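# What the coordinates show
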Amino acid sequence: MSHASLSDKRPGSSLRGATLPKWFPWATAAGSIVLGIGISAVAGLDSDIQWGLIAAILFVLGSYAIAAKVEGRRQAKDRVATSLVWVAFILAVVPLASLIWETVRRGVKVLDGYFLTHSMGIVGDKEPGGGIYHAIIGTLEQVGLAALISVPIGVLTAIYLVEYGRGKLAKAVTFFVDVMTGIPSIVAGLFILSLWIITFGMGYSGFAGSMALTILMLPVVVRSTEEMLKLVPNELREASLALGVPKWRTILKVVLPTSIGGITTGVMLAIARIAGETAPVLLLVWVTPLINTNPFSDPQASLPVYIYLQYANSGGAGAAYDRAWAAALVLIAFIMILNMAARGIARWKAPKTGR
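Bear in mind that the values here come from a model prediction, so they are computed numbers and not experimental data.

### Notes on a nonpolar patch on the surface
Among the surface-exposed residues, Trp86, Phe89, Ile90, Val93 and Val94 lie close enough to one another that they form a single nonpolar patch of about 490 Å² accessible area. Here Val93 lies in helix α4 (residues 73–107).

What follows is the structure, encoded as structure tokens:
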């Protein structure tokens, strides 16, 4: 290569083509929203969902058309893929944000200290006053009993499947866990109803509801724990066994501490799965407006059933309607607190890394 050709390649020269500025996606999104609102207004469309979908389509098409003109078709395809990801993200977030906003807006009307520390007592469904103290106690006890039963059984089952399970027994356990994962909640409630209440002659109680919730919670705990245990590197197990540590101690001191973060998260997800169940609780726990702190005797209240009954008796307005929204807000807050606690425990118990 000649000196002349080498001198033509200056350090400041570039082989890159034209590129769009960094603010291009934001400008395209803003323009798409304006056009979507305008098209909806001209067409007489009143729904926010309609103009939102129109704006999303315009955003994807506009990103491709402008990028293809300036940057080329190859880069335009990349921008279309990015645009579709953002549109899918927004479509997933908007319903969730709308649900939380609507629950908070309607629930704060009667949510105060009195509402949280008093039961319905002799307050009528359509009368003002009353609270959810009895429902909070019932939900905490029923979910707590279900977790107390299902977590040890589920974790031990997962340990067996991952560390010891071989042959037909392990396959049978895996099959039944898969079957239990798809059981509807009403079926679990009917099973406990026929076995515990009708066959054994036991009465309605919070413990009966906890047994049905255990059936729903157990497969989630088993599956999540099993996947977390599989993620533990085999090198850790082999290193412990090479030092002469028994297998049970290796599982207790190496495998479980390594995967405790994921196991805790799976347990919390399982609790969130059952905390909002209504059908089995309504079948087995029944309803009471009074405080019952004994989950092993007599009917007991719960937040999901309380929400259902208050809304069913409200007619879409009035004091019962406001109490239903406030109870729903408390239930959402309960699930959020559980998830935050799970993250904190997972971070606290996670194995320390570093040089």
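### Quick look at the packing of aromatic side chains
The full count for this structure, using the stated rule, is eight aromatic pairs. Ring centres of Phe175 and Phe176 lie 5.5 Å apart, and the angle between their planes is 70°; on these two criteria the pair is classed as edge-to-face. Residue Phe175 is classed as exposed on the basis of its relative accessible area, which comes to 52%. Ring geometry for Trp196 and Phe207: centres 5.7 Å apart, planes at 65°, overall edge-to-face.

### Looking at the nonpolar core
One finds Ile132, Met217, Leu229 and Ile271 to be the most contacted residues of the largest nonpolar core, which totals 50 residues. With residues near it in sequence (within four places) discarded, Ile132 still touches Phe115, Leu116, His118, Leu303, Tyr306, Ala327 and Val330.

### Points about the UniProt feature "domain: ABC transmembrane type-1" (unreviewed entry) in the protein chain
Here, the residues flagged by UniProt with the feature "domain: ABC transmembrane type-1" (unreviewed entry) are residues 136–342. For the annotated span residues 136–342, helix accounts for 78% and strand for 0% of the residues, and the straight-line distance between the end C-alpha atoms is 20 Å.

### Some remarks on the pattern of salt bridges
Note on pairing: side chains with opposite charge can pair once their charged atoms come close. In this structure the tally under the stated criterion is eight salt bridges. In this structure, the salt-bridge partner of Glu226 is Lys230, at a minimum N-O distance of 3.5 Å. Taken as a pair, Glu226 and Lys230 lie in helix α9 (residues 206–230) at a separation of four residues, close to a single helical turn. Between Arg273 and Glu277 there is a salt bridge whose closest N-O contact spans 2.4 Å. Residue Glu277 is classed as buried on the basis of its relative accessible area, which comes to 12%.

### Examining the layout of surface pockets
As a volume, the largest pocket reaches approximately 830 Å³. Lining the largest pocket we find 28 residues, and of these Ala29, Phe59, Trp86, Val87 and Ile90 sit closest to its centre. For the lining of the largest pocket, the secondary structure elements donating two or more residues are α2 (24–43), α3 (48–70) and α4. Forming the boundary of the second largest pocket are 16 residues, of which Val287, Thr288, Tyr306, Leu309 and Gln310 lie nearest the centre. For the lining of the second largest pocket, the leading source of residues is helix α13 (residues 303–312), giving four residues. Here the residues of the lining of the second largest pocket are counted per class, giving nine nonpolar, six polar and one charged.

### Considerations on the packing of helix α7 (residues 167–181) against α9
How two helices sit against one another is set out by the angle between their axes and by the gap between those axes. In contact at an axis separation of 8 Å, α7 and α9 are set at 125° when each is read in the N-to-C sense. Taken together, the axis directions place α7 and α9 in an arrangement best described as oblique. Crossing angle aside, the handedness with which α7 passes α9 is left-handed. In contact with Thr174, Val177, Asp178, Met180 and Thr181 of α7, α9 contributes Ile215, Leu218, Pro219, Val222 and Arg223. Tallied by class, the residues present in the contact of α7 with α9 amount to six nonpolar, two polar and two charged.

### Examining the UniProt feature "transmembrane region" (unreviewed entry) in the protein chain
Taking the UniProt record as the reference, the feature "transmembrane region" (unreviewed entry) is found at residues 23–43, 49–68, 80–101, 143–162, 174–198, 204–222, 254–276 and 324–346. A distance of 29 Å separates the end C-alpha atoms of residues 49–68, which is 100% helix and 0% strand. Helix makes up 100% of residues 143–162 and strand makes up 0%, while its end C-alpha atoms are separated by 27 Å.

Quick notes on the rules
- Residues numbered from 1 in each chain as written.
- Predicted model: local features only at pLDDT ≥ 70, side-chain atom pairs only at ≥ 80, totals over all residues.
- Heavy atoms only, no water.
- Patch = residues over 30% accessible without salt bridge, like charges linked within 9 Å, V, L, I, M, F, W, Y side chains within 5 Å.
- Areas by Shrake-Rupley, 256 points an atom, 1.4 Å probe, with all protein chains shown as cover.
- Salt bridge = Lys/Arg side-chain N within 4 Å of Asp/Glu carboxyl O.
- Helix = DSSP H or I, 4+ residues; strand = E, 2+ residues; numbered from the N terminus.
- Phe/Tyr/Trp six-rings, centres within 6.5 Å; stacked < 30°, edge-to-face > 60°.
- Buried < 20%, exposed > 50% of the residue type's maximum accessible area, 1.4 Å probe, protein only.
- Core = buried A, V, L, I, M, F, W, Y, C linked by side-chain atoms within 4.5 Å.
- Contact = heavy atoms within 4.5 Å.
- UniProt positions renumbered as here; feature names shortened; annotations may be inferred.
- 1 Å grid on protein atoms, 1.4 Å probe; cavity = no way out; pocket = protein on both sides within 12 Å on 5 of 7 lines; lining within 4 Å.
- Points joined across faces, edges and corners; volume = space filled by probe spheres on them.
- Nonpolar A, V, L, I, M, F, W, Y, C, P; charged D, E, K, R; others polar.
- Axes fitted to C-alpha atoms, helices over the stretch in contact; angles between N-to-C directions.
- Parallel < 35°, antiparallel > 145°, perpendicular 65-115°, else oblique.
- Left-handed = near helix turned anticlockwise from the far one by under 90°.

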